[in-house]
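# A closer look at the structure
Now for the letters of each chain:
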Amino acid sequence: MAAQKIIIACGSPAAGKTSIMTHYIKSEIEQGKRVCAAKIDCLSSKDDMVYKNLGIPTVLGLSNDICPDHFLAVNLEEIVQWSAIKNADTLVIETAGLCHRCAPATDKTIAVCVLDCVTSIKVPEKIGPILTTCDIMLITKSDMVSQAETEVFYHNAKKLNERADIIEVNGITGAGVQYLQAIIDKIPPIESITGDNLRYSMPSAICSYCVGEKRIGNAFQKGIVTKMRCDDV
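Okay, so let's go over this structure. Here, residues in each chain are numbered from 1, in the same order as that chain's written sequence. Only residues with pLDDT of 70 or above have their local features reported here, since the model is predicted, and side-chain atom pairs are shown and tallied only from 80 upward, although totals for entire chains, interfaces and linings are computed over all residues. Side-chain measures were taken over the full set of non-hydrogen atoms in the model, leaving aside hydrogen atoms and water.

## Topic: the environment of Gly 212
Structurally, Gly 212 can be placed in the segment after helix H7 (177–185). Each residue is assigned to one of three classes by its accessible area relative to the maximum for its type, calculated with a 1.4 Å probe on protein chains only: buried under 20%, partly exposed between the two thresholds, exposed over 50%. Taking the relative accessible area as the measure of exposure, Gly 212 reaches 52% and is therefore exposed. Sequence-wise, Gly 212 and Asp 65 are 147 residues apart; in three dimensions their C-alpha atoms are separated by 8.8 Å. Helical segments are the DSSP runs of H or I of at least four residues, strand segments are the runs of E of at least two, and each set is numbered from the N terminus.

## Describing the nonpolar core
The term nonpolar core refers to a set of buried residues drawn from Ala, Val, Leu, Ile, Met, Phe, Trp, Tyr and Cys, joined through side-chain atoms within 4.5 Å. Counting residues in each nonpolar core, the largest one holds 34 residues, and the members touching the most others are Ile 79, Leu 91, Ile 93 and Leu 115. A per-element tally of this core places helix H3 (residues 68–85) first, with 6 residues. Judged by nonpolar contacts, the second largest core, of 23 residues, contains Ile 20, Met 21, Val 169 and Ile 184.

## Considerations on the pattern of salt bridges
Salt bridges are defined by distance alone: a side-chain nitrogen of Lys or Arg within 4 Å of a carboxyl oxygen of Asp or Glu. Overall, the coordinates contain 11 salt bridges when judged by the stated rule. A salt bridge links Asp 135 to Arg 199; the shortest N-O distance between them is 2.8 Å. One end of the pair, Asp 135, is in the loop between helix H5 (129–132) and strand E6 (136–140); the other, Arg 199, is in the segment after H7, and 64 residues separate them in sequence. On the basis of relative accessibility, which here comes to 18%, the residue Asp 135 falls in the buried class. Its salt-bridge partner being Glu 213, residue Arg 215 comes within 2.9 Å of it at the nearest N-O pair. Residues participating in the shared-partner salt-bridge network are Lys 39, Asp 41, Asp 47 and Glu 94.

## Focus: the pairing of strand E4 (residues 90–95)
Among the 6 residues of E4, 6 are classified as buried, and the element is accordingly described as predominantly covered. Neither face of E4 is left uncovered, since the one carrying Thr 90, Val 92 and Glu 94 and the one carrying Leu 91, Ile 93 and Thr 95 both have all their residues buried. Strand direction decides the pairing type here: strand E1 (residues 5–11) and E4, joined by 5 bridges, are parallel. Within the sheet, the bridge partner assigned to Lys 5 lies in E4 and is Thr 90. As judged from the 6 bridges shared by strand E2 (residues 35–41) and E4, these two strands associate in the parallel manner. Pairing of Val 35 across the sheet is with Thr 90, part of E4. A pair of strands is labelled paired if DSSP reports no fewer than 2 bridges between them.

## What about the environment of Lys 26?
For Lys 26, the position within the fold is in helix H1 (residues 17–30). A relative accessible area of 39% places Lys 26 in the partly exposed class. For the pair Lys 26 and Asp 47, spaced 21 residues apart in sequence, the C-alpha separation works out to 15 Å.

Okay, structure coming up:
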């Protein structure tokens, strides 16, 4: 299989993942690179059309009844093989942002975490493993908050992952994408994803509700069920 760079971009909904990856892909195309894109979402998505409009091979995966990160892990090998058949130099995979319990990237892939600094300066600590295990943090919408808020946001993000590169990027204009491209250019491509390891474990999700149960109550709960204590604290 031909060697390629595999980028997995994740982050909260509406953080700017698609916009930033679009600017990045345009820069890659301008340099003569062959790029493929995959969009993983839950029930529906039109983001795949954004990538298709760039004139690159694109696939859309909808996880429907299961977690999109589980869905990506199950389908990652096939997505990478499809991209290799297309002779891609770079494969961009954008995943849906949901509970932030796990991280969809693997050890060999390039993990990009997109953070929206408009939401709250406390967002970094709530993002979880997608931030703590990522290679590159992209901060968006910093032009919409004060300089002080931006610096606090940077500090909160960096203390959770000191090794990651952190870049301020404008999803509308694409400013800052050149720094992202410079970092990724230094990372060598890989030839296979088979046997690679996820950076963080997936949650245990084997209970009666996982297979369609809707009724509430102990009598209807089977499998891995974790009960909380409701005593006064």
